[in-house]
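Topology and contacts: notes
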Amino acid sequence: MTAKDVSAVNVPTVTCSTYHSSLDDSSAFLNSIDPLTLPGNNRMSADSVEDQSHEISLNGTGVSPDKSFVIIDGAEDLKVSTSDQFASQLGCKADTKVKVVAIFGNAGDGKSHTLNQLFFNGNEMFPESPAPDPCTIGVRAAFNKEDQIICLDTEGLQGATSKDNQRTRMLLKVLAVSDIVIYRTKSERLHNDLFTFLGNASKAYNQHFRNSLDRVANESSDESSNQMSASNLGPVVMIFHQTHYTAPLNMGVEKSAEEQLRIRFGQSGYDLSAFSSLRYVGVQSQGGMTNFDSLKTMVLNEVGSTAARSKREVRFVLKALRALNEKFSGRLQDERDHLFPAEFFSCQAMCQSCKRRCELSMGHLTDGASAEHKCAEICIYQNQYQNAVYRCITCEKNGHRELAFSTEDQNSWMGPAKSVFSGMVLNCNRCGVIYNSREFWYGNPSPEEAGTVKTETCHVWDVKAFVPAGVNTARRIVDGVTVISGVVAEASKAPTAALASWAADMIAPTYWKSNSEIIKCTTCSKIFDNDSSKHHCRACGFGFCENCSNFERPVPERGWGVKPVRVCKPCSLIQLSASDFSKENPDEVRARKVGEFMASTIASFGSVLSIPKDLIKNSAQPDYWEPDADIKKCNVCSKDLPTPKEKTHHCRDCGKGVCNACSSNKKPVPYRGWNTQVRVCDLCFKD
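The paragraphs below set out a description of the structure included in this document.

The rules behind the values
Here the residue index of a chain counts from 1 through its sequence in written order. Given that the model is predicted, a residue must reach a pLDDT of at least 70 before its local features are reported, and side-chain atom pairs must reach 80 or more before they are shown or counted; all residues, however, enter totals for whole chains, interfaces and linings. As a rule here, side-chain values cover all heavy atoms of the structure and leave hydrogens and water aside. Runs of E in the DSSP output that reach at least two residues are strands. Runs of H or I that reach at least four are helices, and both are numbered from the N terminus. Three labels apply to residues, based on accessible area from a 1.4 Å probe with only protein chains included: buried if under 20% of the type maximum, exposed if over 50%, partly exposed otherwise in between. Note on contacts: a residue pair is in contact if any heavy atoms of the two residues lie within 4.5 Å. Each salt bridge in this description consists of a side-chain nitrogen of Lys or Arg and a carboxyl oxygen of Asp or Glu lying within 4 Å of one another. With axes taken as lines fitted to C-alpha atoms, and helix axes fitted only over the stretch in contact, angles between N-to-C directions fall between 0 and 180 degrees. Small angles under 35 degrees read as roughly parallel and large ones over 145 as roughly antiparallel, with 65 to 115 read as roughly perpendicular and the rest as oblique. The crossing is said to be left-handed when, going from far helix to near helix, the turn is anticlockwise and less than a right angle, and right-handed when the turn is clockwise. Each residue is assigned to one class: nonpolar for Ala, Val, Leu, Ile, Met, Phe, Trp, Tyr, Cys and Pro, charged for Asp, Glu, Lys and Arg, and polar for all the others, Gly among them.

Some points on the overall build of the protein
The helix and strand tally for the protein stands at 19 helices and 22 strands. Here the protein, with 687 residues, has 46% of them falling under the buried criterion. Look at the contacts in the protein between residues 6 or more apart in sequence, and 65% of them connect residues 24 or more apart.

Put into structure tokens, the structure is as follows:
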């Protein structure tokens, strides 16, 4: 019976299933004989012993006597170079119009035996063997002349290999050029590997193969090649499911097997839109036999149909396969599946910069195993987190890992202010001072250029921990000093501007653009001269003129707290969520400490500069402090404040304004960042 004959048979195009429980003809009787018991027979595989079948001859005598040949090897290399060579090995001409039938499935499920039974009357066109080693490595091809079918036998899934990803890619490329895809599975129930392979095959076809095949078709002017255009439907998928004890899908169930399969694919999150149709053939083998009747009928009916795809010339089949094989090639990283992935038991903490997980066990922070998160992978530096640290090179050479820290990182509250004049000083716990940016009058190298430290990117497990201490503190000092510079400007305008610009660059936040690089306003492009004031947006860090930066909003994400600060117009329009605001920012406390130091220093020059001390204080008050303008009475005794003889003081604990008599006590307030004896009101002192 030829494909032409079968196409006239009225065969359902949905799903079908066969159930054979009796040996009622001579063919079944002959197939029930164990071939391995016959003398001299050593070619039948274990699959062929179990899968003896009823045979429907496709053509009787039209099968090529030649054996199959390797068209793609295990390394994804195409083993035929020309269309004529391909056609010659198949035993046909390059312009012969054919359909391609490829079979897929797990290793050991009898794919080779199935093709031999379907298309070659049981002759061993594709090698079979009872040995445990796989019969097919790569892809083998053979040709059925009478029905004009190129049969492709593929390497089995789940087989032992060190290149599992490469094998999967090879199989997906073969599937893309096939007209009919048979997925052969022997199991009592359908396993996840079937849905995973076909689901990913559909995704790969839609996202990658369809456009490539369209391009190949457009490059050919003949009508035959254009039949492969993506405007045509994709391959027909037939699932051939063999069971032994359980019934196939469409036995005793209201929904058809195809409907059941599509539901299962949908539950697994797979889209089958790449395939023109999905078919199912289920057989329940008894007595060691497999019946291929329904599968043969379905395949031959599809071969003679042009509903999805018409036949193509042999040369175009090779051209399409070569195009996919050349485009989608190269080395792949094999990631083996493990029985227990690390995600099952590892800590849930994730680095905010590189998005890698902590590799320690869950609960390591509470069970005492480790007080810090850990990941051996190198992190990615991001300026918003400033997740880079210095490490002492000398200690590194001696087998130690010591951080290099600046003076400002220590408990001394004068560190940020001193750094304006003394420069950055880096210390190591083992080596002491290892770098000083003011060591020479000029030409001082950077820490990296000096060869004393190396930069190392670290993971960001807690975002708040990576708002650098003292960065905004120092900036607020400069905000106050800028006003002072303006007072002295009448006497020495140019030197004062240069000093203010230099001081600003020395202690500006790392995300701020340097004053020396700001030539014009970022918004209006106004050119700055010596008399122009440059302003930085506290959110984006770029330079603006007075008019273009005359906007305010809180910038907690940069460590500026919840009070409105200067920003540009675009940044002022950004809406903040509640999560952007933290309850307490320890950096604000450092600002107050530096403010007191600078205020007391400037006070000694009051007769010259006439700058009120409160100028610096107000610009550096922590967010939890009550603003001076709102303080009318002492929070403890309700005395009017302030008066010519009574100054207003702030309790470092509650932040309320109090008089001197009600704030004479001192104690540490560590949860506010005050680790030494500081002023507190009587109410907080009693608590």
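Quick look at the pattern of salt bridges
Scanning the model with the defined rule gives 19 salt bridges in all. Notably, a salt bridge pairs E258 with R262, separated by 3.4 Å at the nearest N-O pair. Linking E258 with R262, this pair stays in helix α8 (residues 257-267), spanning four residues, or about one helical turn. The exposure class of E258 is buried, given its relative accessible area of 17%. Of the charged contacts, one joins D640 and K633 as a salt bridge, the two residues approaching to 2.8 Å between their closest N and O atoms. Taking relative accessible area as the criterion, D640 reaches 46% and is therefore assigned partly exposed. Looking at K633, the relative accessible area reads 47%, which means it is partly exposed. Where salt bridges share partners, they join R391, E396, R401, K454 and E456 into one cluster.

Quick notes on unusual backbone geometry
Cis geometry marks the peptide bond from L641 to P642, where omega comes out at -15°. Even without being a glycine, N121 presents a positive backbone phi close to 55°. For N121, the position within the fold is in the loop between α5 (111-119) and β4 (139-144).

Here's the deal with the packing of α5 against helix α9 (residues 293-303)
Look at α5 against α9: their axes get within 10 Å of each other, and the N-to-C directions meet at 70°. It follows from the interaxial angle that α5 and α9 lie roughly perpendicular. The way α5 lies across α9 gives a crossing that is right-handed. Each of T114, Q117, L118 and F119 in α5 lies in contact with α9, whose residues at this interface are L295, K296 and V299. In terms of residue class, the contact of α5 with α9 is made up of four nonpolar, two polar and one charged.

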